[in-house]
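# Descriptive structure summary
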Amino acid sequence: GDRPAAGLAGMPPDGANKVLLHSCCAPCSGAMFEEMLSKGLDVTIFFYNPNIHPREEYEIRKNENKRYAIKHGVPFVDCDYDSEAWFQRTKGLEFDPERGSRCTACFDM
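These lines cover the structure that appears in this document, whether it is placed above or below. All values derive from a computational prediction rather than experimental measurement. (Residues numbered from 1 in each chain as written. Predicted model: local features only at pLDDT ≥ 70, side-chain atom pairs only at ≥ 80, totals over all residues. Heavy atoms only, no water.)

Where helix α4 (residues 83-90) meets helix α5 (residues 101-108), the closest approach of the two axes is 10 Å, and the angle between their N-to-C directions is 140 degrees. Taken together, the axes of α4 and α5 are oblique relative to one another. Every pair of crossing elements has a handedness; the one defined by α4 and α5 is right-handed. Across from W86, R89 and T90 in α4, the residues of α5 making contact are R102, A105, C106 and D108. For the contact of α4 with α5, a count of residues per class yields three nonpolar, one polar and three charged. (Axes fitted to C-alpha atoms, helices over the stretch in contact; angles between N-to-C directions. Helix = DSSP H or I, 4+ residues; strand = E, 2+ residues; numbered from the N terminus. Parallel < 35°, antiparallel > 145°, perpendicular 65-115°, else oblique. Left-handed = near helix turned anticlockwise from the far one by under 90°. Contact = heavy atoms within 4.5 Å. Nonpolar A, V, L, I, M, F, W, Y, C, P; charged D, E, K, R; others polar.)

The final tally for this structure, using the stated rule, is four aromatic pairs. Plain terms: the ring middles of F47 and Y58 are 5.2 Å apart, the flat faces sit at 50 degrees to each other, and that makes the pair tilted. A residue pair is termed long-range when its members are at least 10 positions apart, and F47 in strand β2 (residues 42-47) and Y58 in helix α3 (residues 55-72) qualify at eleven residues. Taken individually, F47 and Y58 each receive the classification buried, so the pair is uniform in this respect. (Phe/Tyr/Trp six-rings, centres within 6.5 Å; stacked < 30°, edge-to-face > 60°. Buried < 20%, exposed > 50% of the residue type's maximum accessible area, 1.4 Å probe, protein only.)

Listed below in structure tokens is the structure:
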């Protein structure tokens, strides 16, 4: 079309101001999250990461995301740690390289 893509304009399309931000860890999404807040966007942090192992690492990342959300006063959505779904979805892709089919399977979840 003739209007700029959302990423180019720096804002969601059609005047929307709500963003559901999937985060695997606070340090990775922090700069993007803070930029969204500075633009006045209504951001919710969404944590669904059954691909993170072991469970202890998952909990560390989840708790850091929660702390970050509380610090900035934004909602935090905590989904289940469904590692069995992850293992079933990626069976046979265990040795795929980074940016391969396993990554696509993760994005599709």
